[in-house]
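# A look at the structure
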Amino acid sequence: VWGQGHFSRASATESVSFSGIVQMDEDTHYDKVEDVVGSHIEDAVTFWAQSISRNKDIMKIGCSLSEVCPQASSVLGNLDPKKVSHILEYKCWYRCKYWKIISDEKCLVRYIDYGNIEILNRSDIVEIPLELQFSSVAKKYKLWGLHIPSNQEVTQFDQGTTFLGSLIFEKEIKMRIKATSQDGTVIAQAEYGSVDIGEEVFKKGFAEKCKPTSRTDICEEKKLDPGQLVLRNLKSPIPLWGHRSNQSTFSRPKGHLSEKLTLDLKNENDAGNPMTFPKESLAVGDFNLGSNVSLAKIKQDQKLIEENEKLKTEKDALLESYKALELKVEQIAQELQQEKAAAVDLTNHLESTLKTCIDTRMKNLAAKMEILKEMRHVGISVYFGNDLSDAIQVLDEGCFTTPASLNGLEIIWAEYNLAQEKIKTCEYVNEGNILIAQRNEMQQKLYMSVEDFVLEVDESSLNKRLKALQDLSVSLEAVYGEAKEGANSDEILKKFYDWKCDKREEFTNVRSETDASLQRLVAWFQRTLKVIKAPARLCFDLSVEEPLISEDAVDNIDEILEKTESSVCKELEIALVDQGDADKEIILNTYSQVLQKIRSEERLIATVQAKYKDSIEFKKQLTEYLNKSPSVDHLLSIKKTLKSLKARLRWKLVEKNNLEESDDPDGSQIEKIKEEITQLRNNVFQEIYHEREEYEMLTSLAQKWFPELPLLHPEIGLLKYMNSGGLLTMSLERDLLDAEPMKELSSKRPLVCSEVNGQIILLKGYSVDVDTEAKVIERAATYHRAWREAEEESGLLPLIFLFLCKSDPMAYLMVPYYPRANLSTVQASMPLNSEEALKVMKGVAQGLHTLHKADIIHGSLHQNNVFAINREQGIVGDFDFTKSVVRYHVFVNCPSSLQICPFVPLFCNTCFSLQDDKVKSLLCSLIYYRSSVTAEQVLNAECFLIPKEKSVPNPEKDTEYTPYKKEEEIKMENLDKCMKTRNGEANFDC
């Protein structure tokens with residue numbers, strides 16, 4: 001394709017015909033797809049392109065040519081059209097084949113790796129070795145099924161060429177091969193993305209579609225002069241191929257647009273030999289064919305133009321070089337002037353310094369000596385870890401050891417606890433009596449062991465030792481800070497002692513050297529002072545032969561000062577400069593070991609103190625109940641009194657009813673009986689409270705020292721009381737209360753209101769059977785224990801009493817009554833303001849946190865079961881203890897999660913008015929992240945931890961806060977929509 005020497009009209013016009021297509025050979029596959037990049041455009045249907053697979057070959061060719069061609073020889077004699085040559089163009093070498101001979105000095109060549117042609121001087125062409133004589137990178141392509149119209153104008157021809165270039169030049173296109181022409185041109189269908197390039201050229205009217213005919217027929221088109229094709233290829237403004245990112249080093253060769261030629265190829269050699277263009281057919285400039293200017297004159301003018309351009313370029317380069325050198329000279333002159341000024345200043349400074357050199361050095365030395373005196377006075381114990389050495393000595397000398405009696409005491413105590421556990425699980429009285437007797441024997445042994453242990457601890461200085469350890473720990477932590485965790489190793493302490501000895505030796509040597517230097521300086525001053533005190537005649541009389549002081553001693557002052565300054569600075573460096581990383585690591589490791597030893601000894605002392613406290617309590621209890629169990633007579637006495645009071649109360653109630661139902665009721669008598677009834681009720685509850693106190697005392701004894709009490713005295717019901725957490729009472733009955741039904745609150749269960757000792761209470765009734773009775777007591781007891789841990793700070797509604805009805809299968813729960821204090825009523829009558837809502841919300845979070853810590857899921861939290869006490873304290877009400885928690889358990893796997901509840905929206909509108917980001921952040925978290933927010937996290941929110949003050953609206957902040965307000969309003973709207981879908985729901989699991 002690139003080495004052909006002939007230039008026929010058929011090839012020049014590049015017409016497409018089916019007769020010009022040959023059969024595909026074995027190596028070419030029909031419809032094979034190649035990815036290419038356009039490199040040169042000849043006309044609207046013909047172009048050159050490079051395969052992307054040979055992209056790297058361009059780089060390799062350029063590198064190889066740049067190494068081989070500078071030493072290659074120029075081409076001499078006739079040029080071989082089939083042989084690849086190299087030319088130097090734009091400081092780069094390219095492979096080419098010559099195409100036409102224009103004159104003795106000029107020839108037309110084609111760059112075989114790009115496809116474009118150019119007129120060059122023969123002197124610019126060199127031969128290349130055989131290893132570079134391989135196939136070209138670029139191929140010639142023709143659009144499938146198109147040809148140039150026979151009547152196309154020159155302007156339209158140029159426009160078609162430009163249009164095709166805009167579609168494919170330096171763009172990645174797909175070529176679907178259809179056939180190969182006899183001259184090697186590949187006939188293919190071109191596609192750029194989804195665009196059919198041939199179709200686009202046809203639509204623009206720059207080419208026509210060929211009509212299939214017989215093999216002898218061809219598509220006729222306008223027979224263009226090959227010289228005009230050459231001109232158009234030379235004049236077409238095609239960008240540089242070097243714009244491709246991976247080929248920036250090598251530019252595409254470009255034809256000289258300044259050389260414009262008109263070629264007459266009518267007498268071309270059809271045999272394929274190189275053809276010479278007639279001189280009279282050449283013209284330069286605007287291609288005026290009628291010009292009479294001779295070829296020699298044209299060549300001479302062209303040469304002059306080229307020389308002028310070359311000289312102009314050299315002139316511009318020299319001018320730029322001159323300006324750069326002139327600027328550099330100015331910069332060097334300025335730098336020289338600055339260096340001179342600096343040298344003068346340095347000389348003046350040195351001259352002034354030399355005049356006061358001794359004075360300055362002595363002043364500096366005196367200042368350092370003052371610092372050194374202070375450092376020696378204070379000491380540098382921290383530098384050498386003296387405080388750690390002292391701490392180790394304190395730990396070794398007064399180390400507290402385990403009391404000798406402690407081990408025996410713990411053994412006997414363990415056996416005693418085992419005996420207590422056996423009694424606790426015993427179910428038979430006879431067996432229990434045997435176990436109690438064995439326990440009492442063990443109790444005697446334990447009592448004697450406890451006395452020995454208490455006596456030994458009393459004789460030791462336990463508290464004094466603990467105080468010393470605490471003071472030592474505080475002092476070390478103040479110096480070294482927090483200790484890092486590390487293994488306990490004596491090797492660390494040994495390394496510390498070795499390091500300390502080395503540092504001490506080094507510092508002693510430096511200090512001795514400093515003292516020696518100072519002594520030499522003092523001696524010099526004394527000799528100098530002796531000279532000063534001598535008569536002037538002896539010092540400066542030339543007739544005196546022997547000088548008072550030697551010349552060597554006077555000259556030695558510089559050396560003495562230098563040595564003294566060095567020694568003082570070295571000692572100050574040791575004392576003042578921070579220690580290195582290795583020294584710090586040794587000290588901190590030692591500090592960690594010391595602190596671990598202190599903590600270990602403190603733990604031992606704490607263990608001994610705890611055992612000492614238990615021993616003292618054991619002695620106190622056993623002194624009263626040694627070899628006997630506590631008496632329950634007082635409790636039985638209270639129960640007897642209660643029985644009498646309840647009988648009298650019932651009688652008075654019957655008497656009152658009879659008087660009220662009589663035909664002639666006596667009002668004064670009825671009032672008198674009512675007062676007696678009230679007094680009797682108060683007495684009954686007073687005795688019930690006394691009974692509870694006695695039960696609490698017996699419960700404490702049974703849990704700690706006498707587990708046999710429930711077994712020996714089943715009649716008092718101590719075990720039931722203990723299982724209920726002190727909530728259950730057997731002495732209270734429903735008919736003893738002056739109860740008033742609460743119909744407005746009794747939607748699900750019987751609910752009555754009464755007054756006990758001046759307190760209004762509610763009595764909730766639950767239907768129970770044999771199976772559910774124990775469950776109700778267990779659940780109520782768990783709730784009650786959770787409340788008792790914090791009581792008023794628990795955030796829960798307290799439970800007063802739980803009792804069972806003897807006549808009916810009912811369980812009654814007594815709780816305080818807060819009239820019109822539930823959240824629903826409060827918000828309906830007078831909504832909480834911002835501060836009140838925040839306080840109530842904190843109380844509710846506290847209540848939920850208390851329940852969740854006890855593994856209790858409320859299961860019935862709604863706005864009627866949340867109370868705002870005095871509009872300041874929020875508490876969570878109780879729930880139905882007959883119902884299983886699983887029934888309300890929305891989130892089974894995470895009982896500590898805080899689900900959004902119906903009362904949260906009631907807080908939103910008021911709390912958002914606080915204009916506090918922390919409150920809004922909390923509410924948004926509850927609304928949008930309710931499945932992952934726990935009650936503890938809500939309780940620990942910043943808005944609850946930090947006291948809040950009323951914020952004053954700031955007009956300047958209103959504009960800045962608007963986006964945030966809008967976001968919160970959107971969240972509130974979404975919440976309202978969510979709540980509407982839950983209209984009527986009361987039970988939410990929180």
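Along each chain, residues carry numbers from 1 onward, in the same order as the chain's sequence is written. It should be noted that, the model being predicted, local features are given only for residues of pLDDT at least 70 and side-chain atom pairs only at 80 or more, the latter also being counted only at that level, while totals for whole chains, interfaces and linings use all residues. Excluded from the side-chain calculations are hydrogens and water; all other atoms, namely the structure's heavy atoms, are used.

The name given to the protein in an unreviewed UniProt entry is Serine/threonine kinase 31, with the source organism recorded as Rhinopithecus bieti.

Before going further, it helps to examine the sheet that holds strand β17 (residues 759-767). Any two strands are treated as partners once DSSP identifies two or more bridges connecting them. Helix and strand definitions follow DSSP, with helices as H or I runs of at least four residues and strands as E runs of at least two, each counted in order from the N terminus. A sheet is described by the order of its strands in space; here 5 strands give the open sequence β15-β16-β17-β19-β18, paired in antiparallel fashion. Looking at the sheet topology across the chains shown, the edges are occupied by β15 (740-741) and β18 (801-804). Pairing of strand β16 (residues 751-756) with β17 involves 6 bridges; the strand directions are antiparallel. Paired with Glu755 across the bridge in β17 is Ile760.

Another aspect to go through is the pairing of strand β3 (residues 46-51). Of all 6 residues in β3, 6 are buried; the element is thus mostly enclosed. Residues Thr46, Trp48 and Gln50 point to one face of β3 and Phe47, Ala49 and Ser51 to the other, with burial holding for every one of them. Here strand β2 (residues 33-41) runs beside β3; their pairing, made up of 5 bridges, is antiparallel. Across the sheet, the residue bridging to Gly38 is Ala49, located in β3. Between β2 and β3, which pair antiparallel and follow one another directly, the connecting turn spans 4 residues. The pairing of β3 with strand β9 (residues 138-143) spans 5 bridges and is antiparallel. When the bridges of β9 are listed, Thr46 appears paired with Lys142. Exposed residues in this analysis have more than 50% of their type's maximum accessible area, buried residues have under 20%, and partly exposed residues fall in between, with area computed by a 1.4 Å probe over protein chains only.

Further remarks concern the pairing of β2. Most of β2 is tucked away: 7 of the 9 residues are buried. As defined by bridge partners, β2 adjoins strand β11 (residues 172-181) across 5 bridges and the pair is classed as antiparallel. By the bridge assignment, Glu34 is partnered in β11 with Met175.

By nonpolar core is meant a set of buried Ala, Val, Leu, Ile, Met, Phe, Trp, Tyr and Cys residues that side-chain atoms within 4.5 Å join together. In this structure, Leu446, Leu476, Ile598 and Phe618 are the most contacted members of the largest nonpolar core, which totals 49 residues. Mapped onto this core, the elements with two or more residues apiece are α8 (386-397), α9 (404-425), α10 (429-459), α11 (462-480), α12 (490-533), α16 (581-625), α18 (667-704) and α20 (718-723). Residue contributions to this core peak at 11 residues, all from α16. Once residues within four sequence positions are removed from consideration, Phe618 is found in contact with Trp413, Tyr416, Gln443, Leu446, Tyr447, Val450 and Trp705. Here a residue-residue contact requires only that any non-hydrogen atoms of the pair lie within 4.5 Å.

Glancing now at the packing of α8 against α11. Lines are fitted to the C-alpha atoms to define the axes, a helix being fitted only along its stretch in contact, and any angle between axes, read from their N-to-C directions, falls within 0 to 180 degrees. At a closest axis distance of 11 Å, the pairing of α8 and α11 adopts a crossing angle of 160 degrees. Relative to α11, the element α8 lies roughly antiparallel. Once α8 is placed against α11, the crossing between them reads as left-handed. Counting all contacts with α8, which are made through Asp387, Leu388, Ala391, Val394 and Leu395, the residues of α11 involved are Arg465, Leu469, Leu472, Leu476, Val479 and Tyr480. Residues were grouped as follows: Ala, Val, Leu, Ile, Met, Phe, Trp, Tyr, Cys and Pro as nonpolar; Asp, Glu, Lys and Arg as charged; and all remaining residues, including Gly, as polar. Among the residues forming the contact of α8 with α11, the class breakdown is 9 nonpolar, no polar and 2 charged. Here roughly perpendicular refers to angles of 65 to 115 degrees, roughly parallel to angles under 35, roughly antiparallel to angles over 145, and oblique to all remaining angles. If you view the pair so one helix is near and one far, a crossing is left-handed when the near helix is turned anticlockwise from the far one by less than a right angle, and right-handed when it is turned clockwise.

To continue, consider unusual backbone geometry. Even without glycine at this site, Arg820 takes up a positive phi of about 55 degrees. Residue placement: Arg820 occurs in the loop between β19 (810-816) and α22 (823-829). Even without being glycine, Asn870 reaches a positive phi, approximately 55 degrees. For Asn870, the location among the structural elements is in the loop between β20 (866-869) and β21 (873-876). Residue classification places Asn870 among the exposed positions, given a relative accessible area of 68%.

Considering the arrangement of structural elements, one finds Asp43 in the loop between β2 and β3. Under the convention used here, Asp and Glu are negative, Lys and Arg are positive, and both His and the chain ends fall outside the count. Only one rule defines a salt bridge in this text: a Lys or Arg side-chain nitrogen within 4 Å of an Asp or Glu carboxyl oxygen. Within the buried core, Asp43 has no salt-bridge partner, and the shortest N-O distance to an opposite charge, that of Lys142, equals 6.1 Å. In protein, a polar contact means a hydrogen-donor-capable atom and an acceptor-capable atom, both N or O and within 3.5 Å, with residues adjacent in sequence counting only if both atoms are side-chain atoms; elsewhere, any N or O pair within 3.5 Å suffices. From its side chain, Asp43 meets the backbone nitrogen of Val45 in a polar contact 2.9 Å long. There is a polar contact of 2.6 Å between the side chain of Asp43 and the backbone nitrogen of Thr46.

With that settled, consider the environment of Thr162. Topologically, Thr162 is positioned in helix α3 (residues 154-168). With a relative accessible area of 58%, Thr162 lands in the exposed category. For the pair formed by Thr162 and Ala44, sequence separation is 118 residues and the distance between their alpha carbons is 7.7 Å.

Quick look at the state of the cysteines now. Cysteine sulfur atoms that pair up within 2.5 Å are treated as a disulfide. Applying the stated rule across the entire model yields 0 disulfides. Cys96 takes part in no disulfide bond, and the closest cysteine sulfur, belonging to Cys107, lies 7.5 Å away. Judged by relative accessible area, Cys96 falls into the buried class, the value being 1%.

Attention shifts here to the packing of aromatic side chains. Aromatic contacts are taken between Phe, Tyr and Trp rings whose centres are within 6.5 Å, Trp giving its six-membered ring; a plane angle under 30 degrees counts as stacked, one over 60 as edge-to-face, and the others as tilted. Per the stated rule, a full pass over the model turns up 15 aromatic pairs. Here Tyr94 and Tyr111 contribute two aromatic rings whose centre-to-centre distance is 5.9 Å and whose plane-to-plane angle is 80 degrees, an arrangement assigned as edge-to-face. Taken as a pair, Tyr94 in strand β5 (residues 92-101) and Tyr111 in strand β6 (residues 106-111) lie far apart in primary sequence, 17 residues in all. Just as Tyr94 is buried, Tyr111 falls in that class too. Cluster of aromatic residues (ring-pair linked, three or more members): Trp413, Tyr416, Phe618 and Trp705. When the ring centre of Phe134 is taken as reference, the NZ or CZ atom of Arg95 above it lies at 4.2 Å. Only Lys NZ and Arg CZ are tested; either one counts as a charge over a ring when it is within 6 Å of the ring centre and within 35 degrees of the ring normal.

This brings us to the pattern of salt bridges. Considering all chains together, one arrives at 27 salt bridges under this definition. The shortest N-O distance in the salt bridge between Arg650 and Glu733 comes to 2.2 Å. Linking Arg650 in helix α17 (residues 633-661) with Glu733 in the loop between α20 and β15, this pair joins segments that are 83 residues apart in sequence. Since its relative accessible area comes to 28%, Arg650 is described here as partly exposed. Look at Glu733 and you get buried, because its relative accessible area is 15%. Where Asp735 meets Arg650, a salt bridge forms, and the shortest distance between an N and an O atom there is 3.5 Å. Here Asp735, found in the loop between α20 and β15, pairs with Arg650, found in helix α17; they are 85 residues apart in sequence, far enough to count as distant. On the accessibility criterion, Asp735 (41% relative accessible area) is partly exposed. Among the charged side chains, a network of salt bridges with common partners joins Lys646, Arg650, Glu733, Asp735 and Lys806.

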